[in-house]
Structure formats: C-alpha cells, structure tokens
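Fold and contact review
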Amino acid sequence: QVQLVESGGGLVQAGGSLRLSCVASGSIFTNYVAWYRQAPGKERELVARITNGGSTNYVDSVKGRFAISRANAKNTVYLQMNSLKPEDTAVYYCNAEAPTTTGRPLRLWGQGTQVTVSS
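Residues numbered from 1 in each chain as written. Predicted model: local features only at pLDDT ≥ 70, side-chain atom pairs only at ≥ 80, totals over all residues. Heavy atoms only, no water.

This part takes up the overall build of the chain. Across its full length, the chain holds 0 helices and 11 strands. Along the chain, from the amino end to the carboxyl end, the secondary structure elements read β-β-β-β-β-β-β-β-β-β-β. For the C-alpha atoms alone, the extent of the chain along its principal axes is close to 50 × 30 × 25 Å. Split into buried and exposed, the 119 residues of the chain put 38% on the buried side. Nonlocal contacts in the chain, meaning residues at least 24 apart in sequence, comprise 53% of its contacts between residues at least 6 apart. Where the 12 positive side-chain charges of the chain centre and where its 7 negative ones centre are 6 Å apart. (Helix = DSSP H or I, 4+ residues; strand = E, 2+ residues; numbered from the N terminus. Buried < 20%, exposed > 50% of the residue type's maximum accessible area, 1.4 Å probe, protein only. Contact = heavy atoms within 4.5 Å. Lys, Arg positive; Asp, Glu negative; His and termini not counted. Charge placed at Lys NZ, Arg CZ, Asp CG, Glu CD.)

So this is what it looks like as structure tokens:
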C-alpha cells in the first residue's frame, strides 16, 4: 500500500517562501501528481499538477509564484511557493493518480499540511 506524506508547511510572512514536499512511501507509477489546497469556507482547489512526462499546469492565481517539480527518483514532488500572499493560507494536500488494470484510476491523498501566511 502506497501512502503520501506532505511536509514543509508553516507560518510565513507575506512575501516569503516555503517549499512543500510530497513523499511516497514506495515506488509508484502515476499519471500525475498534484497539489490541492482548501481554505476554511472554500472548496478544495487544484493548485498545480505535474504529469509523469514532466508537463505542468497551475491555477491562474499562483502562476509566476509557485513551481511544481519532482525528483529524479520519482518518489518526491515539491511545490516551491514564492511571494506568498495571505490568500494562499490553506491546508495543502498532495494527490497522485495511478492507472489500474480496471481502467478506473486510483487516487491517493496525503494528510495535508497547513500553510499560514500573515500580513
């Protein structure tokens, strides 16, 4: 059983930076790995995604500030967060989608890490 563990969250002042990490407990082949976030009273939002081939996409609000990447070993994905704003405050979740023989993809979720940006 593969599990995802996020880390790197914390309290930072506006304009600061954080790097989130998503580590898989074992080797896994994925269609993509993504970062989501959810703030109190708001719906969960897709923030960034990287495919197995290395293609990336971002929600408009973080373009130019956040960058998703993965280690060569393919077991760790990072989210570099620069120029943080108070509206970035949320719980950030790692999500990975893996193909299955049934054709229905398996989705794995981490437990989340809190990011708080103060003014």
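In this section: the state of the cysteines. The tally for this structure, following the rule as stated, stands at 1 disulfide. Through a disulfide, Cys22 is tied to Cys94; the S-S separation comes to 1.9 Å. Between Cys22 and Cys94, the S-S dihedral sits near -80°, and the bridge is therefore left-handed. Of this pair, Cys22 sits in strand E3 (residues 18-24) while Cys94 sits in strand E9 (residues 90-98), placing them 72 residues apart in sequence. An identical accessibility class is assigned to Cys22 and Cys94; each is buried. (Disulfide = S-S within 2.5 Å.)

Counting residues in each nonpolar core, the largest one holds 26 residues, and the members touching the most others are Trp35, Phe66, Leu79, Met81 and Tyr92. The set of elements that each furnish at least two residues to this core consists of E3, strand E4 (32-38), strand E5 (45-51), strand E7 (66-70), strand E8 (76-81), E9 and strand E11 (113-118). (Core = buried A, V, L, I, M, F, W, Y, C linked by side-chain atoms within 4.5 Å.)

Attention now goes to the environment of Val62. By the element assignment, Val62 lies in the loop between strand E6 (56-58) and E7. Of the residues examined, Val62 reaches a relative accessible area of 0% and is grouped as buried. Residues Val62 and Gln114 lie 52 residues apart in sequence; the distance between their C-alpha atoms is 17 Å.

Before going further, it helps to examine the environment of Ile50. Here Ile50 shows up in strand E5. Residue Ile50 is classed as buried on the basis of its relative accessible area of 5%. Sequence separation of Ile50 and Tyr32 is 18 residues, and the distance between their C-alpha atoms is 5.5 Å. When neighbours within four sequence positions are excluded, Ile50 is seen to be in contact with Tyr32, Val33, Ser55, Thr56, Ile68, Ser69, Arg70 and Val77.

With antiparallel pairing, 4 strands are arranged side by side in an open sheet as E1-E3-E8-E7. Edge positions in the sheet fall to strand E1 (4-7) and E7, since each has one partner strand and no second. Strand-to-strand twist in this sheet, taken as the mean axis angle between neighbours without regard to direction, amounts to 15°. When E3 meets E8, the two strands line up antiparallel, connected through 6 bridges. Bridging from a neighbouring strand, Arg19 pairs with Gln80 of E8. (Pairing = 2+ DSSP bridges. Axes fitted to C-alpha atoms, helices over the stretch in contact; angles between N-to-C directions.)

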